[in-house]
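In case you want the letters, here they are:
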Amino acid sequence: MDAKEENSRSKVRLKLKPGIKAGLRLLNRHGILISPSTGTVLVLNLSQEGLCFWSSLRLPVHRLYMVEIRMKLSGKNIRLQGNVVWRKRTDNVFEYGMHFEPPLLIKSIITRLLNEELLAQHPQQQKIHQLYRSLNARSTFVK
């Protein structure tokens, strides 16, 4: 694991139980749609700057391509664009790691939605809930 991967792993990741179905589109490195078709993926976990998903599609792991993920989290539609940074074959599907660099406001929104999702999944885990709340407060005031 290189330094960039290590840094991206330092963010708190929320495992999404049982996973969230999402739409996936392939883009070029400038964010322009390559194909109008949309695939379906299962998002397994999510942080402020990355996510992991399963797909039956074999996607390129290359900086020349980006993917766009459209999903609902805590009842809100979100759209994330980023690069696939790794791929691993697991049985009949591929597991992917995606990295994205959202603006500070979007990071704050993701954190709030993760906090809501965490509370819905595990209302008894108040300590983790408070951690997400403090991360959201810090990211709102840091410029």
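Here the structure is a predicted model, which is why all the values come from computation and not from measurement.

Draft legend 1. Region of the structure containing the overall build of the chain. Broken down by element type, the chain carries 3 helices and 6 strands. Start at the N end of the chain and walk to the C end: the helices and strands fall as α-β-β-β-β-β-β-α-α. Taken across its 143 residues, the chain has 41% of its residues classed as buried.

Draft legend 2. Representation of the pairing of strand 3 (residues 50-55). Where burial is concerned, most of strand 3 is hidden: 5 out of the 6 residues are buried. Two elements, strand 2 (residues 39-46) and strand 3, share 4 bridges in a ladder whose sense is antiparallel. From the neighbouring strand, Leu46 faces strand 3, where its bridge partner is Leu51. Two successive antiparallel strands, strand 2 and strand 3, enclose a turn made up of 3 residues. Summarising the sheet, strand 3 and strand 6 (residues 93-99) pair through 6 bridges and their orientation is antiparallel. Bridge pairing in strand 6 links Cys52 to Gly97.

Draft legend 3. The arrangement of the sheet that holds strand 3 in detail. If you walk around this closed barrel you meet the 6 strands as 1-2-3-6-5-4, and the pairing is antiparallel. Taken over all neighbouring pairs, the strand axes of this sheet differ in orientation by 45° on average, direction set aside. Sheet topology places strand 1 (residues 14-28) next to strand 4 (residues 65-73); 6 bridges connect them, and they run antiparallel. Paired with Leu26 across the bridge in strand 4 is Val67. Running over the sheet, helix 2 (residues 104-121) touches strand 1, strand 2, strand 4 and strand 5 (76-90) and is turned about 145° from strand 1.

Draft legend 4. Looking closely at the packing of aromatic side chains. Applying the stated criterion to the full structure yields 2 aromatic pairs. Summarising the aromatic geometry, the rings of Phe53 and Tyr96 are spaced 5.1 Å apart at their centres and angled 25° between planes, so their arrangement reads as stacked. Taken together, the residues span a long stretch of sequence, with Phe53 in strand 3 and Tyr96 in strand 6 at a distance of 43 residues. What makes Phe53 buried here is its relative accessible area of 0%.

Draft legend 5. Fine view of the environment of Val12. Note on placement: Val12 falls in the loop between helix 1 (3-9) and strand 1. What makes Val12 partly exposed here is its relative accessible area of 33%.

Draft legend 6. Inspection of the pattern of salt bridges at higher detail. Following the criterion strictly, the structure yields 6 salt bridges and no others. Here Glu68 makes a salt bridge to Arg79, at a shortest N to O gap of 3.2 Å. Taken together, the positions of Glu68 in strand 4 and Arg79 in strand 5 put the pair 11 residues apart, joining distant regions of the chain. Close ionic contact of Arg112 with Glu116 constitutes a salt bridge, the shortest N to O distance being 3.3 Å. With a gap of 4 residues between them, Arg112 and Glu116 both fall in helix 2, about one helical turn apart. Arg112 gets classed as partly exposed once you look at its relative accessible area, which sits at 34%. Linked by salt bridges that have partners in common, Arg25, Glu68, Arg70 and Arg79 make up one network.

The rules behind the values
- All residue numbers refer to positions counted from 1 along the written sequence of the respective chain.
- pLDDT decides what is reported in this predicted model: residues at 70 or higher carry local features, side-chain atom pairs at 80 or more are listed and counted, and totals for whole chains, interfaces and linings draw on all residues regardless.
- Side-chain descriptors were evaluated using all non-hydrogen atoms of the structure, hydrogens and water having been removed beforehand.
- A run of H or I in DSSP becomes a helix once it reaches four residues, and a run of E becomes a strand once it reaches two; helices and strands are each numbered from the N terminus.
- Exposure categories follow from relative accessible area, calculated using a 1.4 Å probe and restricted to protein chains: below 20% of the type maximum is buried, above 50% is exposed, and the middle band is partly exposed.
- What makes two strands pair is DSSP finding at least two bridges between them.
- Comment: axis = line fitted to C-alpha atoms, over the contacting stretch for helices; angle = value between 0 and 180 degrees taken between N-to-C directions.
- Contacts are assigned to residue pairs with any non-hydrogen atoms lying within 4.5 Å of each other.
- Between 30 and 60 degrees the pair is tilted, below 30 it is stacked and above 60 it is edge-to-face, where a pair is any two Phe, Tyr or Trp rings, Trp via its six-membered ring, whose centres lie within 6.5 Å.
- Salt bridges are counted wherever a side-chain nitrogen of Lys or Arg sits within 4 Å of a carboxyl oxygen of Asp or Glu.

In short, the description is geometric, and any link to function would need to be established separately.
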